[in-house]
Amino acid sequence: MPLSQPFPVDLAIRSYGAILDADRHDFAQLVLPLAGEVLLDIDGRAGRLDPLHGAFVAPQAWHAQSGAHGNCSLIVDIGRGALTHGAFERLAERPFTALGPGARKLVEYMGIMRTAQPVNAALLQGWTGLLLDTLAFDAPQPRSRLAALLAQVEAQPGLPWSTESMADAARMSVSRLHALFRAELDTSPHAWLLQQRLDFACRRLADTRLPIAAVALEAGFSDQSALSRAMRRHRDTTPALWRRNCATQHA
């Protein structure tokens, strides 16, 4: 089965005061306290949240909350396109959940991510999949780990990625990584990484006036010659010709 289609995710940091009127919405929501306590009622089920306990609010579930002084929570709004994720059914059955060490690290990282402007949407979606798995199954599932890895590499293809470092980032063996790439993307990690680097280089050649050698290094190639060879072989062009054609098209 292929990786799930992208789904919208939004992050916010909120503090709660007096009890609010009950509300419901079409999207799912995670309420993950970073500090203080929050009292949350979900369809008549009440729970106390703190940095060790979070909650999942299913789409269309009535909910209301109040908070003690100094509370602060990470709120993750998850679009309906993610409802096929295997964690949703489990979380809906037990909306109040403990946050173990793995989940707390993910929450902390996503809180830091919230301060980045703009937030990388693909990276955020990948980390949200990991968080849903961790809350529902206590550990990220292989497909979620792969999705998060893909988003991480797409966001920074110029890092010194290798098949081994990609497997380490996804917390799986190299052989398992190869099997997942073949099953989900019908390619190999090395071939996919090369395409990401070429896509990145082509965008930078079109959108900037950086020297080709600088673009090559940014994209993760060892030098300008390596980029040129890769573009001739896989794009039937050269960096200079690609840049000239892009400039002509936008003239």
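It should be noted that the structure appears before, not after, this text.
Parameters at a glance
Residues numbered from 1 in each chain as written. Predicted model: local features only at pLDDT ≥ 70, side-chain atom pairs only at ≥ 80, totals over all residues. Heavy atoms only, no water. Pairing = 2+ DSSP bridges. Helix = DSSP H or I, 4+ residues; strand = E, 2+ residues; numbered from the N terminus. Axes fitted to C-alpha atoms, helices over the stretch in contact; angles between N-to-C directions. Phe/Tyr/Trp six-rings, centres within 6.5 Å; stacked < 30°, edge-to-face > 60°. Buried < 20%, exposed > 50% of the residue type's maximum accessible area, 1.4 Å probe, protein only. Salt bridge = Lys/Arg side-chain N within 4 Å of Asp/Glu carboxyl O.

**Q** Mind showing me how you'd approach the sheet that holds strand S8 (residues 96-98) here?
**A** Either a parallel or an antiparallel arrangement is found when strands of a sheet pair, and the pairing is made through backbone hydrogen bonds. Strand order in the open sheet formed by five strands is S1-S7-S2-S5-S8, and the pairing between neighbours is antiparallel. In the strand order of this sheet, the two ends are held by strand S1 (9-14) and S8, each with one partner. Between one strand and the next, the sheet's axes are offset by a mean angle of 20°, whatever the strand orientation. As paired elements, strand S2 (residues 28-35) and strand S5 (residues 53-57) share three bridges and run antiparallel to each other. Residue pairing in the sheet places Gln-29 in a bridge with Val-57 of S5.

**Q** Explain the packing of aromatic side chains here, please?
**A** Aromatic ring pairs are reported here in terms of the distance separating the ring centres and the angle at which the planes meet. Scanning the entire structure with this criterion turns up three aromatic pairs. Judged by centre distance (5.3 Å) and plane angle (80°), the ring pair of Phe-56 and Phe-88 falls under edge-to-face. Of this pair, Phe-56 sits in strand S5 while Phe-88 sits in helix H1 (residues 87-93), and the two are 32 residues apart along the sequence. Across this residue pair, the class does not change: Phe-56 and Phe-88 are buried.

**Q** How do you make sense of the sheet that holds strand S3 (residues 38-42) when you look at a structure like this?
**A** Overall, antiparallel pairing links the three strands, which are arranged S4-S3-S6 in an open sheet. Two strands bound the open sheet, and with one partner strand each, they are strand S4 (45-49) and strand S6 (63-67). Mean inter-strand twist for the sheet, computed between neighbouring axes without regard to direction, equals 15°. Judged from the five bridges that link them, S3 and S4 form a sheet pairing that is antiparallel. Bridging from a neighbouring strand, Val-38 pairs with Leu-49 of S4.

**Q** So what exactly am I meant to see when it comes to the pattern of salt bridges here?
**A** A side chain with one charge can pair with a side chain of the opposite charge if their charged atoms come near. By the definition in use, this model includes six salt bridges. Residue Glu-184 is joined to Arg-143 by a salt bridge in which the shortest nitrogen-to-oxygen separation is 2.9 Å. Taken together, the residues span a long stretch of sequence, with Glu-184 in helix H6 (residues 174-185) and Arg-143 in helix H4 (residues 142-155) at a distance of 41 residues. Since its relative accessible area comes to 28%, Arg-143 is described here as partly exposed. One salt bridge in this structure joins Glu-218 and Arg-204, with 2.8 Å as the shortest N-O distance. Linking Glu-218 in helix H8 (residues 212-218) with Arg-204 in helix H7 (residues 189-207), this pair joins segments that are 14 residues apart in sequence. A relative accessible area of 25% places Arg-204 in the partly exposed class.

**Q** Can you help me understand unusual backbone geometry in this one?
**A** Excluding glycine, most residues fall at negative phi; most peptide bonds, likewise, are trans. Despite not being glycine, Asp-43 has its phi angle at roughly 50°, a positive value. Here Asp-43 shows up in the loop between S3 and S4. You will see that Arg-171, though not glycine, has its phi angle at about 55°, which is positive. Tracing the backbone through its elements, the reader meets Arg-171 in the loop between helix H5 (163-169) and H6.

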